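The residues making up each chain are set out below.
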Amino acid sequence: MAKLIEPRVLKGFRDFLPEQEAERLRIMGLLAETFGAHGFVPIDTPILEYTEILLGKGGGETDKQIYRFEDQGGRDVAMRYDLTVPFARYMAAHLHELYLPFRRFHMAKAFRGENTQRGRYREFVQCDFDIVGTDAASADFEIVTMIDAAFAAMGVNDARIHFAHRGVFNALLSALEVDSGTDEVLRVVDKLRKIGGQAVREELEGLIGAQAGERVIALVSLEGTNAQIVERMRELVPTAGEALARIEAVVAAALELGLGGRLVLDPSITRGLDYYTGIVFETFLTGLPEIGSVCSGGRYDDLAGLYTKERLPGVGASIGLDRLMAALAEIGVPSPGGGAADALVLCLDESLLAHYHLIARTLREAGLRVEVYPDPKKLAAQFAFAEKKGIPAAVICGPQERSAQAVNVRDLRSRSSTDGVPLAGAAEVIRDLLETGAG
RNA sequence: GUGGAUGUAGUUCAAUCGGUAGAGCGCCAGAUUGUGGGUCUGGUUGUUGCGGGUUCAAGUCCCGUCAUCCACCCCA
């Protein structure tokens, strides 16, 4: 016998069992609905791109993590490591077939060859949504409401959207006459919550000197209500008028729409990525902050500058679906679950197979999801199968019921049967059964 | 990529100084061939992640490797 190949999967890549995959599809469905309700349209792009398309924008670290190889035609190709860069190429390629402002969403897998950790995989699903072609505060705020609506749709009431504005930070740095190593400064500040104020102070001192470091710390440590923080920012960085006006507009809109409590102005949010130029977001679950941001994004003033001379400003964010689901599983946010089907037609006698499929079709026509068991196994085994698969009802029909044009309906949760139900009335009996169980 | 921890039955976990790998739960069969959650009886479960090495003898010690988790880095 040939030696068996071990059925293993690569580090950071995963198989999904039906229950997990169903849950993922369910959440993606909820997100698609939410996005659609805001006028966002779906797109897709290839997983594989010419390497030159993907490099260049990301910067050194992402370049190292990229999956790259030569294809069968000798082309230098790479797998997308996020959805934003391919989207930039997409906009440059199709600008003339589209319209502005363009709102799109894109839920798909991305790949990074970095080290794994809980909620961090090498193959992961991102759910991106962006509004391209406008600088308006309305678009910034719309992304906030979208994040809020998306988490609400998923049944997560635990999410806090932290946001800040790059402009405030840049204004402070230029007032301090820091013009080199600003990326470094951003990265250090980004770690504030993680490593603490003292560690950040020390690192900043080495980068830009003690005095400038103190001013930066003063800005990023601000706490209080959103309005209070804006006031203090105005005092600390008087030259950041435009950015502050944008922040105020978003804060005011959030207050008016009643999501003030879930939107937190947090000057320590900077985002390491250097293409952000305006507002930036990170979303945390209050029950599990250590898993990191489950939805991040921000405003960029030129999305596709590498591929077209058209200037395309935009704002968007991305939900890390795998990380989010890992977090929800850990916190224990219940998912409605729901069985694979509503009812299972049992098999008592192989010669009745056509009748079993007729019963199934009748029930399906009444709107139920029905599965037919193929083998005439012991009833106990068929019940156990249904239970394992999460099917709540069984339809039992032997020769006697068949001649009476009836079936027996069994509630697999209460283990009680309703015998002699006319076939025409079976759907209703099952529907009642489903409702009592749900309540 | 760097540093650290972990890896034993389907699952949760045990195994002393290196000395025949065990238990609960689950699973299978029967009491009960058309109605399974109870009880009883019997039974099953292992390349100890994988590959080498040391040893009379390795789950245990050593080296390598794969995977998971933690930190750094980066990020969703």
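Residues numbered from 1 in each chain as written. Chains lettered and ligands numbered in written order. Predicted model: local features only at pLDDT ≥ 70, side-chain atom pairs only at ≥ 80, totals over all residues. Heavy atoms only, no water.

> Please explain the overall build of chain A as it appears in this structure.
Counting its secondary structure elements, chain A contains 17 helices and 16 strands. Expressed as a percentage of its 439 residues, the buried residues of chain A come to 48%. If you take every contact in chain A between residues at least 6 apart in sequence, the share linking residues at least 24 apart comes to 67%. For chain A, the accessible surface area stands at approximately 21900 Å², while carbon and sulfur atoms represent 52% of it. Taken as two groups, the 48 positive and 62 negative side-chain charges of chain A have centres that lie 4 Å from each other. (Helix = DSSP H or I, 4+ residues; strand = E, 2+ residues; numbered from the N terminus. Buried < 20%, exposed > 50% of the residue type's maximum accessible area, 1.4 Å probe, protein only. Contact = heavy atoms within 4.5 Å. Areas by Shrake-Rupley, 256 points an atom, 1.4 Å probe, with all protein chains shown as cover. Lys, Arg positive; Asp, Glu negative; His and termini not counted. Charge placed at Lys NZ, Arg CZ, Asp CG, Glu CD.)

> Quick question: what am I supposed to make of the sheet that holds strand β13 (residues 370-372) here?
Sheets are built from strands that pair by backbone hydrogen bonding, the pairs being arranged parallel or antiparallel. Taken in spatial order, the five strands of this open sheet run β13-β12-β14-β15-β16, and their pairing is mixed. Each having just a single partner strand, β13 and β16 (416-422) make up the two edges of the open sheet. Adjacent strand axes in the sheet meet at a mean angle of 25 degrees when their direction is disregarded. Pairing between strand β12 (residues 343-345) and strand β14 (residues 393-396): three bridges, direction parallel. For A343, the partnering residue across the bridge sits in β14 and is A393. Lying over the sheet, helix α14 (residues 353-365) contacts β12, β13, β14 and β15 (406-411), oriented at roughly 175 degrees with respect to β13. Docked against the sheet, helix α15 (residues 379-389) engages β12, β13, β14 and β15, running at close to 155 degrees with respect to β12. (Pairing = 2+ DSSP bridges. Axes fitted to C-alpha atoms, helices over the stretch in contact; angles between N-to-C directions.)

> Even after reading the chapter, I still don't get the protein's contact with RNA strand B, so can you show me in this structure?
Lining the immediate surroundings of RNA strand B are 44 residues, of which R112, R120, R187, R271 and E401 lie closest. For RNA strand B, the fraction of atoms within 4 Å of the protein that belong to sugar or phosphate moieties is 45%. Taking Q117, its side chain carries an N or O atom lying 3.0 Å from a phosphate oxygen of RNA strand B. Within the side chain of Q126, one N or O atom sits 3.1 Å away from a sugar or linking oxygen of RNA strand B. Counting only elements with at least two residues in the surface near RNA strand B, the list comes to β6 (123-132), β10 (295-300), β11 (314-320), α15, α16 (399-403) and β15. For the surface near RNA strand B, the class distribution of residues is 13 nonpolar, 15 polar and 16 charged. (Near = heavy atom within 4 Å. Polar contact = N/O pair within 3.5 Å; in protein donor to acceptor, adjacent residues only side chain to side chain. Nonpolar A, V, L, I, M, F, W, Y, C, P; charged D, E, K, R; others polar.)

> Would you mind showing me how to read the environment of D183 here?
Topologically, D183 is positioned in helix α7 (residues 182-190). Taking C-alpha positions, D183 is 35 Å from L257, a pair spaced 74 residues apart along the chain.

> How should I be thinking about the pattern of salt bridges in this particular structure?
Side chains that carry opposite charge are capable of pairing whenever their charged atoms lie near each other. For the coordinates displayed, the defined rule picks out 25 salt bridges. Two residues, R299 and D135, come together in a salt bridge whose shortest N-O distance is 3.6 Å. One end of the pair, R299, is in strand β10; the other, D135, is in the loop between β6 and α5 (137-153), with 164 residues separating them in the sequence. One network of salt bridges, with partners in common, ties together D135, D140, R246, R299 and R311. (Salt bridge = Lys/Arg side-chain N within 4 Å of Asp/Glu carboxyl O.)

> I'm lost on the domain arrangement of chain A in this one. Help?
For an interface, size is often stated in terms of accessible area lost upon the parts coming together. For chain A, the assigned domains are domain 1 (18-331) and domain 2 (343-434). Relative to domain 2, the C-alpha centre of domain 1 lies at a distance of 51 Å. (Domains from an automatic or database assignment.)

> It is not clear to me how the environment of A249 should be interpreted in this structure. Could you clarify?
Examined against the element boundaries, A249 turns out to sit in helix α12 (residues 241-256). Sequence-wise, A249 and A384 are 135 residues apart; in three dimensions their C-alpha atoms are separated by 58 Å.

> Explain the pairing of strand β5 (residues 102-111) to me, please; I cannot follow it from the model alone.
Two faces belong to every sheet, and in a regular strand the side chains alternate between them. Across the ten residues that make up β5, a large majority, eight, are buried. Bridge count for strand β1 (residues 41-42) against β5 is two bridges, and the pairing is parallel. Each bridged residue has a counterpart across the sheet, and for P42 the counterpart in β5 is F105. Of the pairings in the sheet, the one linking β5 to β6 comprises ten bridges and is antiparallel in character. Its bridge partner being in β6, R103 is matched across the sheet by I131.

> Can you help me understand the state of the cysteines in this one?
Note: disulfide means a covalent bond formed between the sulfur atoms of two cysteine side chains. For the coordinates displayed, the defined rule picks out zero disulfides. Of the cysteine sulfurs around C127, a residue in no disulfide, the closest is that of C295, at 9.1 Å. The buried category is assigned to C127, whose relative accessible area is 0%. (Disulfide = S-S within 2.5 Å.)

> Mind showing me how you'd approach the packing of helix α6 (residues 166-175) against helix α10 (residues 210-220) here?
The geometry of a pair of packed helices is captured by two quantities: the angle between their axes and the separation between those axes. Put simply, α6 and α10 touch, their axes get as near as 10 Å, and they point 160 degrees apart. Relative to α10, α6 is oriented roughly antiparallel. The two elements α6 and α10 meet at a crossing, and its hand is right-handed. Of the residues in α10, those touching α6 at V168, F169, L172 and L173 are R215, V216, L219 and V220. By residue class, the composition of the contact of α6 with α10 is seven nonpolar, no polar and one charged. (Parallel < 35°, antiparallel > 145°, perpendicular 65-115°, else oblique. Left-handed = near helix turned anticlockwise from the far one by under 90°.)

> Help me out: how do you make sense of the packing of aromatic side chains in this one?
Each aromatic ring pair is characterised by the separation of its centres together with the angle its planes make. Counted by the stated rule, this structure contains nine aromatic pairs. Judged by centre distance (5.5 Å) and plane angle (65 degrees), the ring pair of Y99 and F102 falls under edge-to-face. The class for Y99 is partly exposed, based on a relative accessible area of 46%. The structure contains a cluster of three or more aromatic residues connected by ring pairs, namely F87, Y90, Y99 and F102. (Phe/Tyr/Trp six-rings, centres within 6.5 Å; stacked < 30°, edge-to-face > 60°.)

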